[in-house]
There are 2 protein chains.
Amino acid sequence: MARLPVYLRALHGLAEHGTATVSSEELAAAAGVNSAKLRKDLSHLGSYGTRGVGYEVEYLVYQISRELGLTQDWSVAIIGLGNLGRALAGYGGFASRGFRMAALLDAEPGIVGELIAGLTVEHIDKLETVIKDNGISIAVLAVPATAAQAVCDRVVASGVTSILNFAPVVLSVPDGVEVRKVDLSIELQILAFHEQRKAGGPSGVEQEYLEAVEGQ
Amino acid sequence: MARLPVYLRALHGLAEHGTATVSSEELAAAAGVNSAKLRKDLSHLGSYGTRGVGYEVEYLVYQISRELGLTQDWSVAIIGLGNLGRALAGYGGFASRGFRMAALLDAEPGIVGELIAGLTVEHIDKLETVIKDNGISIAVLAVPATAAQAVCDRVVASGVTSILNFAPVVLSVPDGVEVRKVDLSIELQILAFHEQRKAGGPSGVEQEYLEAVEGQ
DNA sequence: AAGCCTTTGTGAACGCACGCACAAAGTCGG
DNA sequence: CCGACTTTGTGCGTGCGTTCACAAAGGCTT
Ligand SMILES: NC(=O)c1ccc[n+]([C@@H]2O[C@H](COP(=O)([O-])OP(=O)(O)OC[C@H]3O[C@@H](n4cnc5c(N)ncnc54)[C@H](O)[C@@H]3O)[C@@H](O)[C@H]2O)c1
Ligand SMILES: NC(=O)c1ccc[n+]([C@@H]2O[C@H](COP(=O)([O-])OP(=O)(O)OC[C@H]3O[C@@H](n4cnc5c(N)ncnc54)[C@H](O)[C@@H]3O)[C@@H](O)[C@H]2O)c1
């Protein structure tokens, strides 16, 4: 379930605070969800709570980590070291959650060979070798939209089955390959939508369109 | 609806390709959704299709843009000009979708005054003034997790009702304020979860926990 | 002009996730 | 040792979003 990472984050916060045990009500508040939903989610991993007391923080952290596959480290490759790729490569928050930035790849001659966050940028031509040699299982795509599908195809052909895509395109992949996309423009557009709603919503449908067309 | 931006993106692609008219089947494929869902979504904006033909691309682009509030420009402030904030500030894809980066704010003396993407970074102390003077309606938070809630509170107090948050914390805001969050660690964790599933899933529950505890 | 063909718009069934509410279970104080 | 209190785990009703399937509608061909 997609909420487990949120619970995990909340639990880490509690653990640092020295809390040993937590009720579903408290944890739900920290994670921003309904307490019944939280309990139901946790019950799917087995029954780790004590009635009348709550959940033991440390044990729950371990159970969720195990469920998410965070008891092992994952090797990640970043492809495309432009604005975004660099920001990701330099971010320390991944390593602390068990994600090791294992390889950086780009096509631009001026970028290949550069040292970023302690790693040398490799040429995209070496994709297959780099993935195999470093045991990469997750690829992060931070390349332009026009290159994304082609790069994706190569990554998949190299055996990677998990992709995090930042390019604003719908990637098509074979069954068994998991793609998650982060599209910041879409996030802003959704905010704009709500912002407009508050301001009264769209009005004068036909008029506005005609005016807009005439204005060209 | 959160899918409209995806449709819009697909339509822009078709328009650039010179396509004048598109069927729900084609557009659904381009957007990666079911065609019945697409038609139902579009029917909520009114009936803009022609039976036997499909939808006129240009008209549909206008209708969706209007629904999303993209017929007007929105002014955005980026708060926190570290790794991520810089990447966002330097990204050209926002301006082309009607989002104007209107102000950059940071607390670090070394960063305030710096020129990034044609804008001078202002001090966070001027938050209220900057927001009012530039007509900011959307704030992007790219500050450390520890500072996020405090900055959020100030932003909300300044009248902003739409926030895009990159910090890995659950922000609490008053009713009427829209928060969208982007947490890249969570995306990776979800990928890891599926990756692990493919590899056979978690096994040996008690044993693993005991081993892990003993190993400390 | 008429019939055929394509495609929309939507009624209805289905499934799923959410949340209420409560019984079972366990703790803690006396 | 017992009773009261707390909190979990879950059965169940509800509401929403998705999908199928089809009738209505419009264009196109002959
Ligand atoms: N920067 C942002 O804040 C932001 C925001 C939203 C979306 N995005 C999206 O993220 C992606 C990257 O954005 P960016 O700003 O870093 O772009 P960028 O142009 O700065 O960087 C792209 C990098 O990809 C490399 N590249 C191009 N083709 C390649 C190929 N075939 N193989 C390997 N590498 C290749 C380029 O050399 C460049 O270094 C884009 O798709 C963009 O639309 C970025
Ligand atoms: N960089 C990434 O790829 C990445 C990935 C996932 C999540 N994040 C999250 O995004 C946020 C920013 O990440 P980053 O890598 O850019 O961090 P960073 O440390 O590079 O930048 C943070 C910036 O915020 C500024 N800042 C600190 N306190 C402030 C305050 N009170 N008011 C205004 N500005 C303040 C700092 O001066 C700094 O410039 C963090 O919460 C991080 O967890 C980043």
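Below or above, wherever it landed, is the structure these notes cover. (Residues numbered from 1 in each chain as written. Chains lettered and ligands numbered in written order. Predicted model: local features only at pLDDT ≥ 70, side-chain atom pairs only at ≥ 80, totals over all residues. Heavy atoms only, no water.)

Another point: the overall build of chain A. The number of helices and strands found in chain A is nine helices and ten strands. Taken over C-alpha atoms, the radius of gyration comes to 22 Å for chain A, far larger than the 17 Å a tight globule of 216 residues would show. For the C-alpha atoms alone, the extent of chain A along its principal axes is close to 65 × 60 × 35 Å. Buried residues in chain A amount to 48% of all 216 residues. (Helix = DSSP H or I, 4+ residues; strand = E, 2+ residues; numbered from the N terminus. Rg over C-alpha atoms; globule rule 2.2 N^0.38 Å. Buried < 20%, exposed > 50% of the residue type's maximum accessible area, 1.4 Å probe, protein only.)

A few words now on the protein's contact with DNA strand D. The full set close to DNA strand D counts 23 residues, and Ser24, Arg39 and Tyr55 of chain A together with Arg3 and Arg51 of chain B are the nearest of them. Taking all atoms of DNA strand D within 4 Å of the protein, the share assigned to sugar and phosphate is 62%. Between Lys40 of chain A and DNA strand D, the recorded distance is 3.0 Å, taken from a side-chain N or O atom to a base oxygen. At a separation of 3.5 Å, a phosphate oxygen of DNA strand D approaches a polar side-chain atom of Lys37 of chain B. Counting residues per element, the ones that place at least two in the surface near DNA strand D are helix 3 (35–43), strand 2 (49–50) and strand 3 (54–56) of chain A together with helix 3 (35–43) of chain B. In terms of residue class, the surface near DNA strand D is made up of five nonpolar, ten polar and eight charged. (Near = heavy atom within 4 Å. Polar contact = N/O pair within 3.5 Å; in protein donor to acceptor, adjacent residues only side chain to side chain. Nonpolar A, V, L, I, M, F, W, Y, C, P; charged D, E, K, R; others polar.)

Let us now look at the packing of aromatic side chains. Inspection of every chain in the model, using the stated rule, returns four aromatic pairs over all chains. Aromatic side chains Tyr91 of chain A and Phe94 of chain A sit 4.8 Å apart centroid to centroid with 80° between the ring planes, which places their arrangement in the edge-to-face category. Pairing Tyr48 of chain B with Tyr59 of chain B gives two aromatic rings, centres 5.2 Å apart and planes at 85°, and the pair type is edge-to-face. Of this pair, Tyr48 of chain B sits in the loop between helix 3 and strand 2 (49–50) while Tyr59 of chain B sits in helix 4 (residues 57–68), and the two are eleven residues apart along the sequence. Each member of the pair, Tyr48 of chain B together with Tyr59 of chain B, is buried. (Phe/Tyr/Trp six-rings, centres within 6.5 Å; stacked < 30°, edge-to-face > 60°.)

Take the relation of the copies chain B and chain A next. Overlaying chain B with chain A gives an RMSD of 0.0 Å, the required rotation being 180° about an axis along which the chain moves by 0.0 Å. Given the turn and translation reported, the copies of this chain are related as if by a two-fold rotation axis. For chain B, the smallest separation between a C-alpha atom and the rotation axis is recorded for Ala87 of chain B, amounting to 3.3 Å. The overlap is high: 100% of the interface residues of chain B also sit at the interface in chain A, so the same surface is used on both sides. (Least-squares fit on C-alpha atoms with pLDDT ≥ 70 in both. Contact = heavy atoms within 4.5 Å.)

Time to look at the nonpolar core. Counting 99 residues, the largest nonpolar core has Ile64 and Phe99 of chain A together with Leu11, Ile64 and Phe99 of chain B as the members making the most contacts within it. In this structure Leu11 of chain B touches Val22, Leu27, Val57, Leu60, Val61 and Ile64 of chain B, once residues within four positions along its chain are discounted. (Core = buried A, V, L, I, M, F, W, Y, C linked by side-chain atoms within 4.5 Å.)

Among the 23 residues in the neighbourhood of DNA strand C, the closest are listed as Lys40 and Arg51 of chain A together with Ser24, Arg39 and Tyr55 of chain B. In DNA strand C, the atoms that sit within 4 Å of the protein are 65% sugar and phosphate, with bases accounting for the remainder. Within the side chain of Arg39 of chain B, a nitrogen or oxygen atom sits 2.8 Å from a base nitrogen of DNA strand C. If you list the elements that add at least two residues to the surface near DNA strand C, you get helix 3 of chain A together with helix 3, strand 2 and strand 3 (54–56) of chain B. A total of four residues in the surface near DNA strand C trace back to one element, the largest contributor, which is helix 3 of chain A. When the residues that make up the surface near DNA strand C are grouped by side-chain class, the tally is five nonpolar, ten polar and eight charged.

Further remarks concern the pairing of strand 8 (residues 138–141) of chain B. Residue and element names in this part refer to chain B. Neither face of strand 8 is left uncovered, since the one carrying Ile138 and Val140 and the one carrying Ala139 and Leu141 both have all their residues buried. Of the strand pairs in this sheet, strand 4 (residues 74–79) and strand 8 are connected by four bridges, and their pairing is parallel. Paired with Val76 across the two strands is Ile138, which belongs to strand 8. The pairing of strand 8 with strand 9 (residues 162–165) spans four bridges and is parallel. Paired with Val140 across the strands is Leu164, a residue of strand 9. Following the chain from strand 8 across helix 7 (residues 145–157) to the adjacent parallel strand 9, one finds a crossover that is right-handed. (Pairing = 2+ DSSP bridges. Right-handed = clockwise from strand over helix to strand, strands pointing away.)

Near ligand 1 there are 24 residues, and of these Asn83, Leu84, Asp106 and Val143 of chain A together with Tyr91 of chain B occur at the shortest range. Close to ligand 1, residues of chains A and B are found. A distance of 2.6 Å separates an oxygen atom of ligand 1 from a polar atom in the backbone of Val143 of chain A. Between ligand 1 and Ala87 of chain B, the relevant distance is 3.2 Å, taken from an oxygen atom to a main-chain nitrogen or oxygen of the residue. Secondary structure elements with two or more residues in the shell around ligand 1: helix 5 (83–89) and helix 7 (145–157) of chain A together with helix 5 (83–89) of chain B. In terms of residue class, the shell around ligand 1 is built from 19 nonpolar, three polar and two charged.

At the interface, 68 residues of chain B touch 68 residues of chain A. Buried area between chain B and chain A, summed over both chains or domains, comes out near 6500 Å², and the portion from carbon and sulfur atoms is 63%. For Arg9 of chain B, the salt bridge identified is with Asp183 of chain A, shortest N-O distance 2.2 Å. Across the chain B-chain A interface, the total number found is 21 residue pairs in polar contact (both at pLDDT 80 or more). Looking at the side of chain B that touches chain A, the element that brings in the most residues is helix 8 (residues 184–198) of chain B, giving 15 residues. (Buried area = accessible area lost by both parts, 1.4 Å probe. Salt bridge = Lys/Arg side-chain N within 4 Å of Asp/Glu carboxyl O.)

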